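Each chain, letter by letter, is given below.
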Amino acid sequence: MESVTTASWKCLKKSEPEKKVLSGLPLNELIDELKSLPAPLPPFRAKQIFKWISRGITSFEEMTDLDKSLRENLDSRFSVRSSEVSARLEDPDGTVKLQISLLDESKIEAVLLSDAEDRKTACISTQAGCPVGCVFCKTGSLGFSRNLNSAEIVEQFLHLKALSTGTNISNIVIMGMGEPLLNLAELRRALAVLSDAEGLGISRRRVTVSTSGVISGIRDLTDNGPHIRLACSLTSARQDLRNRLMPIGETNPLPLLKKALTAYQQKSGQRITLEAVLLGGVNTTPADAAAMIDFARSLDAVINLIPWNPVEGMIFEGKPLREPSRAEAETFASLLEKGGLKVTRRYRKGRGVAGACGQLGVVP
Ligand code: SF4
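Conventions adopted
- Residues numbered from 1 in each chain as written.
- Predicted model: local features only at pLDDT ≥ 70, side-chain atom pairs only at ≥ 80, totals over all residues.
- Heavy atoms only, no water.
- Helix = DSSP H or I, 4+ residues; strand = E, 2+ residues; numbered from the N terminus.
- Buried < 20%, exposed > 50% of the residue type's maximum accessible area, 1.4 Å probe, protein only.
- Areas by Shrake-Rupley, 256 points an atom, 1.4 Å probe, with all protein chains shown as cover.
- Lys, Arg positive; Asp, Glu negative; His and termini not counted.
- Charge placed at Lys NZ, Arg CZ, Asp CG, Glu CD.
- Salt bridge = Lys/Arg side-chain N within 4 Å of Asp/Glu carboxyl O.
- Polar contact = N/O pair within 3.5 Å; in protein donor to acceptor, adjacent residues only side chain to side chain.
- Contact = heavy atoms within 4.5 Å.

Chemist: For this particular structure, what's the right way to read the overall build of the protein?
Modeler: For the protein, the helix and strand inventory stands at eleven helices and 17 strands. For the protein, the spread of C-alpha atoms along the principal axes amounts to about 70 × 45 × 35 Å. A buried classification covers 56% of the 364 residues belonging to the protein. For the protein, the exposed area adds up to about 15,600 Å²; of that, 51% sits on carbon and sulfur atoms. For the protein, the distance from the average position of its 47 positive side-chain charges to the average position of its 42 negative side-chain charges is 4 Å.

Chemist: Please explain unusual backbone geometry as it appears in this structure.
Modeler: Glycine aside, a negative phi is what most residues show, and trans is what most peptide bonds show. In this structure, Pro226 follows Gly225 across a cis peptide bond, with omega equal to 0°. Inspection of the secondary structure assignment puts Pro226 in the loop between helix H7 (215-224) and strand S12 (229-233). Positive phi, normally seen in glycine, also occurs at Glu105, with a value near 80°. Take Glu105: it is sitting in the loop between strand S5 (96-101) and strand S6 (107-114). With phi around 60°, Thr235 is a residue other than glycine that occupies positive phi space. By the secondary structure assignment, Thr235 is in the loop between S12 and helix H8 (239-245).

Chemist: Where do I start with the pattern of salt bridges in this structure?
Modeler: A pair can form between side chains of opposite charge whenever their charged atoms are brought close. Counted under the stated rule, the structure contains 21 salt bridges. One salt bridge in this structure joins Glu152 and Arg146, with 2.9 Å as the shortest N-O distance.

Chemist: How should the side chain of Ser106 be read in this particular structure?
Modeler: By the element assignment, Ser106 lies in the loop between S5 and S6. Of note is the side chain of Ser106, whose polar atom sits 2.9 Å from the side chain of Asp104. In this view, Ser106 contacts Ile100, Ser101, Ala128 and Arg146; residues no more than four positions away in its chain are not counted.

Following this line, the structure appears as structure tokens:
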């Protein structure tokens, strides 16, 4: 693990809790905020500041097109950022995981993934810990601390962007720590910042939000947007097994989940991704494949199979979890394909830094 000096980060200090943080404010909120100052600032000033923050500056001092007295005035009232990188871990496969410290000492993680064409994807967290408690997930085993605010979500992207030399980050996956649809209001504000053409301009088509199947959140997205790409972690389409692996299944039953996903698809016009974490000897039988085919049949969906990424000490019903053998995973994949489903296999990237799916929260 490489420690990172934080001396250059001008984030909000613990001694300045009264300062409002600007990094998480969508442009319309920033305009309103600056308009309400005793000496109101016009919208074009808010746009300048918004652009500077999106470019990754960490202090008002660096906003060189604002005069000095304005910079000092802003600095006395606001902070640009609220978090700092406490450690950086690099996997030889190119994956980089950042551990990020928040004002209340919470630690979260964000991951930068690169593919063979050097396209960069930021994997972002929405909660410190997670209340959902999927049995195969390290984050779930940590319990839940709190929701992240918009600034803490946006800043993960900005920290990762600072690492990304050469190629810009083109995609965002909200698949880090936490269940995003249990923190939808702050996620929505963060996505408004990240997708604004005045700033980072990440197209919503390049943002994927992954849920464990929170039906109320899917309905909310359907009705109120944004219509980003939606992934749903199914893992099992057998209700009883799903409930045991993902306790959220008990209150979010499969028939209603399917109805909600169908409505989202109709409204957004987007293909849905159904994710399945493959657990050796647990959810890879022909009956599991048949149930998944039945669930996915009427959706325009792609099934993303994720062989479980090992985390030490994870137990399911008295037995240690294990990753599936290659043959087991391939047999399951071909059963789905024979049943007419489109199937992809997720890269096993980031394992060396415990930055792969289901491993966040682990210090290797
Ligand atoms: S898989 Fe996602 S929803 Fe489930 S415990 Fe882990 S972080 Fe939470």
